[in-house]
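Structure assessment
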Amino acid sequence: MLSATYEHVYLVFFAMLIATVLALSGGVYLTRCRRPKLISVILGIAGSIQTIPSLALIAFIVVFFSFLGLPTIGTVPAMVALVLYALLPILRNTYTGIRQVDTSIIEVAIGMGMKPNQILLSIELPLSLTVIMAGIRISTVWTIGVATLCGLIGAGGLGDLIMQGLRSIQLDYLLAGTLPAAALALVCDWILGLVEKWLTPEGLRIDT
């Protein structure tokens, strides 16, 4: 069970790392883009990927890889599927969070001589952090769940134990796969909540 949990964490961690970098970069780009149609197309494509059932998306990646002559079994196709599935919440929340920053604050920053990168790092991202972190938390929990299906294509993880339990109707295998997966989702959500609170400027924190 420990090795399966490690494999699961490995898949989720690197999938979320890649998805977060891509989605944050893409979200920032969209806030600077002056072509509304392009913004709609990119968000629409990300939304379309999200609407595909997770098992169907994994199967599609396998078929796509087979046409390209790439490995259809193992970590690589699983990682691609997980990254694609995790993109939308982070991309959309980054775009929405930055766009909802009060324009008067941006104007004051420009008037003080701040450069665009300084405005992004010192004002826009901190003020939109709560919204962005909400997207990351949602994506992380979803990715942990979808990763259990990646056992079907030999990617390992807790999905292997769940599949073995379903095939043999053995309760111990089912519990060994489902309980750590549920616990992992809860723990990751809690940790990301702490990270969100730690990164949020003190004046913007809402004590509960």
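Preceding this paragraph is the structure being described.
Let me sum up the structure you'll find in this document.

Reading the values: the criteria
- Residues numbered from 1 in each chain as written.
- Predicted model: local features only at pLDDT ≥ 70, side-chain atom pairs only at ≥ 80, totals over all residues.
- Heavy atoms only, no water.
- Helix = DSSP H or I, 4+ residues; strand = E, 2+ residues; numbered from the N terminus.
- Buried < 20%, exposed > 50% of the residue type's maximum accessible area, 1.4 Å probe, protein only.
- Contact = heavy atoms within 4.5 Å.
- Expected span 1.5 Å × (residues − 1).
- Bend = angle between axes of the 7 residues up to and from the residue.
- Patch = residues over 30% accessible without salt bridge, like charges linked within 9 Å, V, L, I, M, F, W, Y side chains within 5 Å.
- Areas by Shrake-Rupley, 256 points an atom, 1.4 Å probe, with all protein chains shown as cover.
- Salt bridge = Lys/Arg side-chain N within 4 Å of Asp/Glu carboxyl O.
- Phe/Tyr/Trp six-rings, centres within 6.5 Å; stacked < 30°, edge-to-face > 60°.
- Axes fitted to C-alpha atoms, helices over the stretch in contact; angles between N-to-C directions.
- Left-handed = near helix turned anticlockwise from the far one by under 90°.
- Nonpolar A, V, L, I, M, F, W, Y, C, P; charged D, E, K, R; others polar.

**Details of the side chain of Thr143**
Tracing the backbone through its elements, the reader meets Thr143 in helix α6 (residues 116–147). Residue classification places Thr143 among the buried residues on the basis of a relative accessible area of 2%.

**Here's the deal with the side chain of Thr20**
Summarising the element assignment, Thr20 is placed in helix α1 (residues 2–32). Assessed through its relative accessible area of 15%, Thr20 is described here as buried. In this structure Thr20 touches Ile90 and Ile136, once residues within four positions along its chain are discounted.

**Thoughts on helix α4 (residues 75–99)**
Spanning 25 residues, α4 covers 36 Å between terminal C-alpha atoms, matching the ideal 36 Å at 1.5 Å per step. If you look at α4, its biggest bend is around 35°, right at Leu87, and the proline Pro89 turns up within four residues after that. Most of α4 is tucked away, with 18 of its 25 residues classed as buried.

**Some remarks on the environment of Gly151**
The topology assignment puts Gly151 in the loop between α6 and α7 (158–168). Note: C-alpha distance between Gly151 and Ile73 (78 residues apart in sequence) is 9.7 Å. When neighbours within four sequence positions are excluded, Gly151 is seen to be in contact with Gly156 and Asp160.

**Section: a nonpolar patch on the surface**
A cluster of nonpolar side chains, Tyr6, Val9, Tyr10, Phe13, Phe14, Leu17, Ile18, Val21 and Leu22, forms an exposed patch at the surface whose accessible area comes to about 870 Å². On the secondary structure map, Tyr6 appears in helix α1.

**Things to note about the packing of aromatic side chains**
Following the criterion strictly, the structure yields three aromatic pairs and no others. Aromatic side chains Phe13 and Phe14 sit 5.2 Å apart centroid to centroid with 85° between the ring planes, which places their arrangement in the edge-to-face category. For Phe14, a relative accessible area of 34% translates into the label partly exposed. Ring plane angle 15° and centroid distance 6.4 Å describe the contact between Phe60 and Phe64, whose orientation is recorded as stacked. Placement of the pair is Phe60 and Phe64 together in helix α3 (residues 54–68), with a separation of four residues, close to one helical turn. Among the aromatic residues, those joined into a ring-pair cluster are Tyr10, Phe13 and Phe14.

**Digging into the packing of α7 against helix α8 (residues 171–199)**
Their axes nearest at 7 Å, the elements α7 and α8 cross at an angle of 145°. With respect to the hand of their crossing, α7 and α8 are arranged in left-handed fashion. Listed contacts from α8 to Leu158, Leu161, Ile162, Gln164, Gly165 and Leu166 of α7 are Tyr173, Leu174, Ala176, Gly177, Thr178, Pro180 and Ala181. Of the residues belonging to the contact of α7 with α8, the class tally is nine nonpolar, four polar and no charged.

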